[in-house]
Amino acid sequence: MFRRPVKEINAEFLAEEKYLDSIQRTARESCIAASMSRKDTASVLLAIEEGATNIIRHAYLYEKGIIRLRIVIYKKLIVFSLIDSGRSFQPSGTGALDLEQLVESGRKGGLGFYMIQKIMDSVEYISTASFNELRMIKHISAPSPIGHTFLRRLFTLRVKFSVWTFIIMCVIIGASIYYFDYRASKLMYTHKHETVQALSKTIADQAAGYFINRRSDVEFDELIVSYMRANPELKLIVLTDSANIIRAHSDDIRNIRRPYRVPEQVSADTIGVPQPVTTEFEKFSYLVTPIRAGERLLGKVHTTYSTAGIYFRLTESRRSIFLLTVVLVVFGILGIYLLSNYFVSPILNITRRVRRFTSGEMETELPLTGAEEFFEISKAFNQMMTRLSQDQRNVVEREKLAKEIEVASEIQKTLLPRKLPEVPHLEIDALYRAASVIGGDLYDIFKISEERYCLAVADVSGKGVPASLVMSILRTVLQIQAAEETSAKKLLTRVDGYLSQNIPTGMFITIFLVIYDAETSRISLVSAGHTPMLFYDASKKAVDKVNPKGLPLGVPLAEGRSFEESLEELVVKLNHEDMFLLFTDGITEARGRDNSQFGMERLTAFFESYLNEHAAEPVSNLSEALVNQLDDFTGFAKAADDVTFVVARCRRCVKEPVSSESDIQVKKLREKEH
């Protein structure tokens with residue numbers, strides 16, 4: 001059955017504990033919009049906080065990331081989804097946790113997920129190569145009436161436990177008493193009816209002999225009087241012949257030889273079955289027994305008897321049972337109270353401890369008392385409170401460090417060009433996307449002189465603050481040393497001379513450096529251990545990988561060898577519509593859904609096919625298409641490395657042919673791959 005959502009909410013938050021309040025605020029507003037009760041809202045917020053905390057501490061244990069909160073509100077349920085692209089923390093098996101096994105094994109983790117399962121109506125954890133989703137479903141219950149809500153708040157947990165236990169006990173006792181009373185009553189009445197039936201049958205058998213022997217009315221009367229005296233429960237016996245004439249009457253002998261009229265409430269044709277007769281003062285049973293001699297009907301015995309004795313005996317028995325039940329209920333109430341102390345007191349202690357914790361008190365511990373399960377829960381809760389207390393003591397330092405990292409990230413962003421310079425005859429676009437808060441990549445485009453411009457893409461080893469500091473040093477030294485320089489090789493040699501003495505041991509930098517001469521439309525390029533440059537020859541409509549030799553900056557060299565000797569410099573003449581792409585390995589080493597790399601061949605094929613199909617479009621469109629291609633390949637997963645590239649296109653009005661032998665050699669060098 002298809003459901004149509006009433007409302008859908010999507011939000012993204014940084015996977016940091018300081019944003020938990022924002023996540024809860026969004027979820028709370030959604031619960032209010034769905035008209036969810038306050039109790040359900042509080043429990044849902046607790047489950048969402050626990051789920052987000054697990055993602056922050058497990059999925060993004062070694063990196064920063066983003067949590068996406070998706071809330072879909074339906075008419076009768078609401079679906080919460082916490083989506084991340086970090087490390088999966090899916091529990092083994094079906095995801096259901098065995099609390100007894102958890103206590104026996106002594107594990108400290110997993111209780112949070114167990115709590116989420118208890119709060120939510122349905123919990124599902126979906127893990128794929130590109131994302132993880134914790135999906136939680138909660139049914140929306142109808143709001144309680146005001147009076148019901150007031151009574152619910154009035155009763156404490158102990159009162160609720162006692163009342164419900166008392167009600168259940170009373171129902172069980174009442175059902176048991178009713179069952180046994182019903183059976184006893186039925187047995188006693190059945191026994192009475194069978195006794196009277198047997199007695200009436202005996203009277204009928206004797207009366208049959210009297211009819212055959214033509215006994216007198218006096219003898220008939222003595223017969224029924226003797227039975228009346230011997231059986232006090234018999235109230236009336238009437239003997240009639242086949243013509244329904246009275247032959248004997250236990251109450252009044254004057255009725256003899258008169259027609260007999262049965263009571264209005266009974267049927268004379270109902271033979272052998274007791275029929276109820278009600279008078280103004282008492283209830284009786286009426287029984288008709290035939291008098292037979294073989295197959296011949298001689299008459300009938302009409303017997304009226306009382307069951308009042310059974311009623312009085314049952315009443316007395318019920319009174320005794322009631323008194324015994326009252327005594328048992330009193331002892332039951334006492335037992336319920338003691339039982340509530342045994343089971344409810346640990347829960348109340350945990351509740352009071354949680355309230356003190358929410359008010360800021362984190363030092364008091366729960367007493368380790370009660371059943372084994374409560375003992376282990378209290379122990380685990382105390383350990384959790386201890387860890388939270390330690391985290392709270394460290395939160396100031398973490399926030400301070402986070403603030404410093406944030407400031408470092410802002411400073412790093414200022415090192416990148418705020419606005420790309422306008423370069424004559426060259427259309428340029430660039431992109432930098434850090435994998436974490438602070439990246440280790442750099443691109444820079446700046447003016448050296450009126451006709452010369454420098455374009456550089458670099459990758460510093462490592463991540464974080466150290467890499468950003470080295471990156472800032474590189475940018476500063478590069479711009480200082482580039483003054484009036486025409487050769488990319490000489491510029492990079494001077495930069496290495498400074499950096500090799502001023503960066504930490506073990507760190508190095510790969511860089512692809514291009515100096516563009518607007519007057520001659522030539523580029524001088526060198527690579528210090530960097531990824532190749534992709535060059536698009538518009539005349540051939542083909543892409544070549546240009547990769548001159550070179551060692552990274554800051555790498556110790558063998559004795560007797562200089563950095564300048566390791567560099568190979570190429571000079572390339574740009575013609576109309578020629579393009580080149582400088583990039584870092586964050587593009588080629590990006591991982592897809594099947595864990596394969598994007599790769600150089602895929603990038604080259606995309607670069608060539610796009611330029612052949614969209615040659616007239618601006619380079620900004622190429623940048624956007626490249627980013628979309630990369631995101632489609634990775635499935636928008638968290639990048640493992642920074643993505644940086646610079647793309648440039650020559651926009652000269654006249655295509656100038658290659659005219660010198662040196663330029664021909666340059667083109668051959670350009671096609672070589674190292």
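The structure presented is a predicted model; accordingly, all values stated were derived computationally and were not measured. (Residues numbered from 1 in each chain as written. Predicted model: local features only at pLDDT ≥ 70, side-chain atom pairs only at ≥ 80, totals over all residues. Heavy atoms only, no water.)

1. Topic: the overall build of the chain
Then, in step 1: Helices and strands together make up the secondary structure of the chain, namely 16 helices and 20 strands.
Then, in step 2: Across the 674 residues of the chain, 43% fall into the buried class.
Then, in step 3: In the chain, the share of contacts with a sequence separation of at least 24, taken over all contacts with a separation of at least 6, comes to 66%.
Then, in step 4: Per element, the accessible surface of the chain, about 37300 Å² overall, is 56% carbon and sulfur. (Helix = DSSP H or I, 4+ residues; strand = E, 2+ residues; numbered from the N terminus. Buried < 20%, exposed > 50% of the residue type's maximum accessible area, 1.4 Å probe, protein only. Contact = heavy atoms within 4.5 Å. Areas by Shrake-Rupley, 256 points an atom, 1.4 Å probe, with all protein chains shown as cover.)

2. Quick notes on the side chain of Asp441
Then, in step 1: The topology assignment puts Asp441 in strand 12 (residues 441–447).
Then, in step 2: For Asp441, a relative accessible area of 0% gives the class buried.
Then, in step 3: A polar contact is formed between the side chain of Asp441 and the side chain of Thr584, at a distance of 3.0 Å. (Polar contact = N/O pair within 3.5 Å; in protein donor to acceptor, adjacent residues only side chain to side chain.)

3. Comments concerning unusual backbone geometry
Then, in step 1: A positive phi angle, close to 60°, is found at Ser35, a residue other than glycine.
Then, in step 2: The phi torsion at His425 lies on the positive side, around 60°, for a residue other than glycine.
Then, in step 3: Topologically, His425 is positioned in the loop between helix 9 (372–415) and strand 11 (426–433).
Then, in step 4: Residue His425 is classed as partly exposed on the basis of its relative accessible area of 39%.

4. Topic: the side chain of Asp496
Then, in step 1: By secondary structure assignment, the location of Asp496 is in helix 11 (residues 488–499).
Then, in step 2: On the basis of relative accessible area, Asp496 is assigned to the buried category, the value being 10%.
Then, in step 3: When residues no more than four places from it in sequence are discounted, the contact partners of Asp496 are Leu553, Gly554 and Phe563.

5. Quick word on the nonpolar core
Then, in step 1: Grouped together as the largest cluster of nonpolar side chains are 58 residues, with contacts concentrated most on Leu553 and Phe580.
Then, in step 2: Once you skip the residues sitting within four places of it in the chain, Phe580 turns out to touch Leu455, Val514, Ile523, Met533, Leu534, Phe535, Leu574, Val646, Val647 and Ala648.
Then, in step 3: The next biggest cluster of nonpolar side chains, apart from the first, holds 34 residues, and it includes Ile9, Ala47, Ile55 and Leu69. (Core = buried A, V, L, I, M, F, W, Y, C linked by side-chain atoms within 4.5 Å.)

6. Focus: the sheet that holds strand 5 (residues 132–139)
Then, in step 1: An order of 1-2-3-5-4 is seen for the five strands of this open sheet, with the pairing classed as antiparallel. In this open sheet, the two strands that pair with only one neighbour each are strand 1 (7–14) and strand 4 (122–127). On average, each strand axis in the sheet is tilted by 15° relative to the strand beside it, whichever way the strands run.
Then, in step 2: The sheet contact formed by strand 3 (residues 77–84) and strand 5 spans eight bridges and is antiparallel. Across the sheet, the residue bridging to Leu77 is His139, located in strand 5.
Then, in step 3: Each of strand 1, strand 2 (66–73) and strand 3 touches helix 1 (residues 20–33); the most contacted strand, strand 2, lies at about 5° to it. (Pairing = 2+ DSSP bridges. Axes fitted to C-alpha atoms, helices over the stretch in contact; angles between N-to-C directions.)

7. Structural notes on the pattern of salt bridges
Then, in step 1: Inspection of every chain in the model, using the stated rule, returns 22 salt bridges.
Then, in step 2: When the shortest N-O distance is used, the salt bridge between Asp217 and Arg257 registers 3.2 Å. Taken together, the positions of Asp217 in helix 7 (residues 217–230) and Arg257 in the loop between strand 7 (246–249) and strand 8 (275–278) put the pair 40 residues apart, joining distant regions of the chain.
Then, in step 3: The exposure class of Asp217 is partly exposed, given its relative accessible area of 21%.
Then, in step 4: For the salt bridge of Asp252 with Arg254, the shortest nitrogen-to-oxygen distance reads 3.1 Å.
Then, in step 5: Shared partners join several salt bridges into a network, and the residues in it are Glu427, Glu577, Arg649 and Arg651. (Salt bridge = Lys/Arg side-chain N within 4 Å of Asp/Glu carboxyl O.)

8. Some points on the packing of helix 10 (residues 464–481) against helix 11
Then, in step 1: Across the interface, helix 10 lies against helix 11 with an axial gap of 9 Å and an inter-helix angle of 135°. As the angle between them shows, helix 10 and helix 11 are arranged oblique. Crossing of helix 10 over helix 11 shows right-handed handedness. Here helix 10 contributes Ile473, Leu474, Val477, Leu478 and Gln481 to the contact with helix 11, which in turn contributes Leu491, Arg494, Val495, Tyr498 and Leu499.
Then, in step 2: Considering only residue class, the contact of helix 10 with helix 11 consists of eight nonpolar, one polar and one charged. (Parallel < 35°, antiparallel > 145°, perpendicular 65-115°, else oblique. Left-handed = near helix turned anticlockwise from the far one by under 90°. Nonpolar A, V, L, I, M, F, W, Y, C, P; charged D, E, K, R; others polar.)

9. Some remarks on the confidence of the model for the chain
Then, in step 1: For the chain, per-residue confidence averages 81 on the pLDDT scale, and 82% of positions sit at 70 or higher.
Then, in step 2: Highest mean pLDDT in the chain belongs to strand 19 (residues 579–583) (94); lowest belongs to helix 16 (residues 661–670) (44).
Then, in step 3: Note that pLDDT drops below 50 for residues 102–109; the model gives that stretch six contacts with residues more than four away or on any other chain. (pLDDT = per-residue confidence, 0-100.)

10. Focus: the sheet that holds strand 12
Then, in step 1: A sheet is described by the order of its strands in space; here five strands give the open sequence 12-13-14-15-18, paired in antiparallel fashion. Two strands in the sheet have a free side with no partner beyond their single neighbour: strand 12 and strand 18 (570–573). The average angle at which neighbouring strand axes cross in this sheet is 15°, direction not considered.
Then, in step 2: The pairing of strand 14 (residues 509–517) with strand 15 (residues 522–528) spans seven bridges and is classified as antiparallel. For Ile511, the partnering residue across the bridge sits in strand 15 and is Ala528.
Then, in step 3: Helix 10 rests against strand 12, strand 13 (452–460) and strand 14 of the sheet, and its axis sits at about 20° to strand 12.
Then, in step 4: Seen against the sheet, helix 11 touches strand 13, strand 14 and strand 15 and runs at an angle of roughly 145° to strand 14.

11. A short note on the packing of aromatic side chains
Then, in step 1: Throughout the structure, instances matching the rule amount to seven aromatic pairs.
Then, in step 2: Ring geometry for Phe211 and Phe220: centres 4.9 Å apart, planes at 50°, overall tilted. Both residues of the pair, Phe211 and Phe220, belong to the buried class.
Then, in step 3: Among the aromatic side chains, those forming a connected cluster through ring pairs are Tyr210, Phe211 and Phe220.
Then, in step 4: Taking the ring centre of Phe598 as reference, the NZ or CZ of Arg602 above it sits at 5.7 Å. (Phe/Tyr/Trp six-rings, centres within 6.5 Å; stacked < 30°, edge-to-face > 60°. Lys NZ or Arg CZ within 6 Å of the ring centre and 35° of its normal.)

12. Considering helix 14 (residues 600–613)
Then, in step 1: Spanning 14 residues, helix 14 covers 20 Å between terminal C-alpha atoms, matching the ideal 20 Å at 1.5 Å per step.
Then, in step 2: Three or more residues of helix 14 are buried, namely Leu603, Thr604, Phe606, Phe607, Tyr610 and Leu611. One side of helix 14 holds all its buried residues, which, seen down the axis, span an arc of 165°. Helix 14 presents Glu601 and Glu613 as exposed residues on the side facing more than 90 degrees away from its buried surface.
Then, in step 3: In this structure, the buried side of helix 14 is in contact with strand 16 (533–537), strand 17 (542–546), strand 19, helix 13 (585–588), helix 15 (619–634) and strand 20 (643–650). (Expected span 1.5 Å × (residues − 1). Arc of directions from axis to C-beta.)

13. What to know about the environment of Glu50
Then, in step 1: Of note, Glu50 is situated in helix 2 (residues 38–59).
Then, in step 2: Of the residues examined, Glu50 reaches a relative accessible area of 22% and is grouped as partly exposed.
Then, in step 3: In this structure, the C-alpha to C-alpha distance between Glu50 and Ile116, residues 66 residues apart in sequence, is 7.5 Å.
Then, in step 4: Filtering out sequence-adjacent residues up to four positions away, Glu50 remains in contact with Gly112, Met115 and Ile116.

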